[in-house]
Amino acid sequence: MKPLLIFSALFFILFSNALSAQTTTTDTTVASTQLYVITKHDGTEYIGTILSDDGREVLIETEALGKIYIPKSEIKSMKKIEDKSAIVGGEYQAAGPFTTRYCFTTNALPIKKGEDYALVNLYGPEVHFALSDRFSLGVMTTWIGSPMIAAAKYSIPTKNEKLNFSVGTLMGSSGYLNNFRGFGGLHFANVTFGTRKTNMTFAAGYAYIQAGGSQFMYEEGTYYGEYSYETIPNHTGLLPLTKGPIFSIAGIIKVGAKASFVFDSMIGVFSGVSNNVETTQISPPDYTTNPYTPAVNKFVVTNERRLTTALFIMPGMRFQSTDRKAFQVSIAGVSMFRESRNTSFPLPMCTWFYKF
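Fair warning: this is a prediction, and the values are worked out from it, not measured in the lab.

Caption draft 1: Representation of the overall build of the protein chain. Along the protein chain, the regular secondary structure elements total 1 helix and 24 strands. Taking all 356 residues of the protein chain together, 36% fall into the buried category. Taking contacts inside the protein chain between residues at least 6 apart in sequence as the whole, the part at least 24 apart equals 53%. Total accessible area on the protein chain stands at roughly 20,700 Å², and carbon and sulfur atoms take up 63% of it.

Caption draft 2: How the structure looks around the side chain of Ser260. Relative to the helices and strands, Ser260 is located in strand S19 (residues 259-283). Look at Ser260 and you get buried, because its relative accessible area is 9%. When residues no more than four places from it in sequence are discounted, the contact partners of Ser260 are Ile252, Ile253, Lys254, Val255, Gly316, Met317 and Arg318.

Caption draft 3: Representation of the environment of Ser228 within the structure. In this structure, Ser228 sits in the loop between strand S16 (221-225) and strand S17 (234-238). When the C-alpha positions of Ser228 and Phe299 are compared, they lie 9.5 Å apart, and in sequence the two are 71 residues distant.

Caption draft 4: Seen up close, the pairing of strand S21 (residues 325-330). Alternating residues of S21 divide into Ala326, Gln328 and Ser330, all buried, and Lys325, Phe327 and Val329, none buried. Bridge count between strand S20 (residues 296-322) and S21: 5 bridges; the pairing is antiparallel. Looking at the pairing, Arg318 lines up with Gln328 of S21. The turn linking S20 back onto S21 is made up of 2 residues. By the bridge criterion, 6 bridges tie S21 to strand S24 (residues 349-355) in an arrangement that is antiparallel. Looking at the pairing, Phe327 lines up with Trp352 of S24.

Caption draft 5: Looking closely at the nonpolar core. In this structure, Tyr102, Cys103, Ala250, Ile252, Val262, Phe312, Met314, Ala332, Val334 and Met349 together form the largest nonpolar core, which totals 10 residues. Secondary structure elements with two or more residues in this core: strand S18 (242-254) and S20. With residues up to four places along the chain from it excluded, the contact list for Ile252 reads Tyr102, Arg196, Lys197, Thr198, Asn199, Ser260, Phe261, Val262 and Arg318. Counting 9 residues, the second largest nonpolar core, distinct from the first, contains Ile38, Val58, Ile60 and Ile70.

Caption draft 6: Layout of the side chain of Asn190. The topology assignment puts Asn190 in strand S13 (residues 183-194). Looking at Asn190, the relative accessible area reads 4%, which means it is buried. For Asn190, the side chain forms a polar contact with the side chain of Ser166, separated by 2.2 Å. Apart from residues no more than four positions distant in its own chain, Asn190 is found in contact with Thr106, Asn107, Ala108, Asn164, Phe165, Ser166, Thr201, Phe202 and Ala203.

Caption draft 7: Up close: a nonpolar patch on the surface. A cluster of nonpolar side chains, namely Phe129, Leu131, Leu137 and Phe356, defines an oily patch on the protein surface of about 350 Å² accessible area. Structurally, Leu137 is set in strand S10 (residues 135-141).

Caption draft 8: Geometry of the sheet that holds strand S3 (residues 57-62). Taken in spatial order, the 5 strands line up as S4-S3-S2-S1-S5 in an open sheet, and their pairing is antiparallel. With partners counted over all chains shown, the strands left at the sheet margins are strand S4 (66-71) and strand S5 (75-80), one partner each. The sheet shows a mean angle of 45° between the axes of neighbouring strands, taken without regard to direction. Examined bridge by bridge, strand S2 (residues 45-53) and S3 share 5 bridges and lie antiparallel to one another.

Caption draft 9: The arrangement of the pattern of salt bridges in detail. Overall, the coordinates contain 6 salt bridges when judged by the stated rule. Its salt-bridge partner being Glu45, residue Lys258 comes within 3.6 Å of it at the nearest N-O pair. Taken together, the residues span a long stretch of sequence, with Lys258 in the loop between S18 and S19 and Glu45 in strand S2 at a distance of 213 residues. On the accessibility criterion, Lys258 (23% relative accessible area) is partly exposed. A relative accessible area of 30% places Glu45 in the partly exposed class.

Caption draft 10: Quick look at the packing of aromatic side chains. Taken as a whole and assessed by the stated rule, the structure comprises 9 aromatic pairs. Ring centres of Tyr287 and Tyr292 lie 5.2 Å apart, and the angle between their planes is 20°; this geometry places the pair in the stacked category. Tyr292 sits in the partly exposed class, given a relative accessible area of 45%. Between Phe327 and Trp352 the ring centres are 5.2 Å apart and the planes differ by 50°, which places this aromatic pair in the tilted class. Of this pair, Phe327 sits in strand S21 while Trp352 sits in strand S24, placing them 25 residues apart in sequence. A relative accessible area of 32% means that Trp352 is categorised as partly exposed. Of the aromatic side chains, those joined through ring pairs into one cluster are Phe98, Tyr117 and Phe353.

Caption draft 11: Structural context of the confidence of the model for the protein chain. When the pLDDT values of the protein chain are averaged, the result is 85; 88% of them are 70 or greater. Mean pLDDT across the secondary structure elements of the protein chain bottoms out at helix H1 (residues 2-23), with 45, and peaks at strand S12 (residues 163-173), with 97. With pLDDT under 50 throughout, residues 1-7 is counted as low confidence; its partners more than four residues away or in other chains account for 0 contacts. pLDDT under 50 marks residues 9-29. Its contacts with residues more than four places away, or in other chains, come to 8 contacts.

Cut-offs applied
- Residues numbered from 1 in each chain as written.
- Predicted model: local features only at pLDDT ≥ 70, side-chain atom pairs only at ≥ 80, totals over all residues.
- Heavy atoms only, no water.
- Helix = DSSP H or I, 4+ residues; strand = E, 2+ residues; numbered from the N terminus.
- Buried < 20%, exposed > 50% of the residue type's maximum accessible area, 1.4 Å probe, protein only.
- Contact = heavy atoms within 4.5 Å.
- Areas by Shrake-Rupley, 256 points an atom, 1.4 Å probe, with all protein chains shown as cover.
- Pairing = 2+ DSSP bridges.
- Core = buried A, V, L, I, M, F, W, Y, C linked by side-chain atoms within 4.5 Å.
- Polar contact = N/O pair within 3.5 Å; in protein donor to acceptor, adjacent residues only side chain to side chain.
- Patch = residues over 30% accessible without salt bridge, like charges linked within 9 Å, V, L, I, M, F, W, Y side chains within 5 Å.
- Salt bridge = Lys/Arg side-chain N within 4 Å of Asp/Glu carboxyl O.
- Axes fitted to C-alpha atoms, helices over the stretch in contact; angles between N-to-C directions.
- Phe/Tyr/Trp six-rings, centres within 6.5 Å; stacked < 30°, edge-to-face > 60°.
- pLDDT = per-residue confidence, 0-100.

Below is the structure:
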């Protein structure tokens with residue numbers, strides 16, 4: 001009987017130890033087909049599946065390097081990759097609020113709520129806030145704080161994820177320049193074809209601007225008098241409103257995991273008012289009289305419509321190091337076509353994007 005009791009006790013002890021060994025392991029196996037992007041504090045990124053995570057280090061399996069152990073103390077973030085198309089050339093590129101912008105213009109894609117962003121340009125800063133997944137507000141200005149422009153955009157998605165519409169407006173004031181007398185606006189609608197990484201946008205709008213400056217002008221009409229404009233009634237007032245339609249074609253295409261080619265363009269036909277005085281001599285001066293008889297002239301004053309066509313073309317490259325930062329460099333050309341003369345000049349631009 002005693003050998004049987006001893007054998008039973010020994011079996012019970014060994015079985016309990018085995019159970020204890022199985023339940024006290026600290027390794028957590030989480031292997032699955034779910035892809036993650038793991039970013040270290042030094043900026044190094046790895047894409048792969050997580051095989052295990054014991055709280056001290058993570059074992060991942062990558063396509064390029066195989067299995068790698070990474071200490072948890074070196075990991076900055078681990079994010080699930082929901083869209084595998086974000087992996088380009090073995091590198092991960094997340095979509096973010098920067099995908100709603102080109103150089104100057106915007107597309108119909110919405111800024112998602114919680115993805116507010118700022119731009120720092122050579123001419124000044126911008127900041128844009130998403131109040132909802134469809135509606136955003138922004139503020140734009142120069143480094144001297146004037147003029148100041150408010151921006152708003154409302155996106156209209158469709159059942160087709162690659163087709164989006166939006167309407168928006170820009171409303172500005174000259175600020176303390178010209179004592180707040182200047183103002184302007186641009187109201188637009190656009191349609192975007194494609195994804196956040198590769199798309200093209202067609203836009204149309206109507207713009208108007210009052211610079212706030214003053215101009216000396218003669219009153220319209222027909223007048224008679226000596227060969228002098230002093231006889232024509234005149235006044236000094238604000239410059240006439242310059243207004244007209246604007247059209248735009250813009251697009252972006254990825255050329256690498258971190259780089260995209262960006263193209264932006266605008267063309268506008270603006271009308272203004274030009275004060276014109278046509279002088280016709282009715283009778284010549286008579287120097288035989290004493291005093292002499294001055295000439296009599298006919299002055300016809302008209303306000304003529306003046307057209308100016310402005311063409312803006314800006315290709316560039318965008319480099320997005322993380323989902324929170326990007327840098328863009330663009331080389332632009334601006335041409336102004338007037339009835340009397342044409343003007344062209346370069347407009348290089350550097351832009352820094354920040355998500356917050």
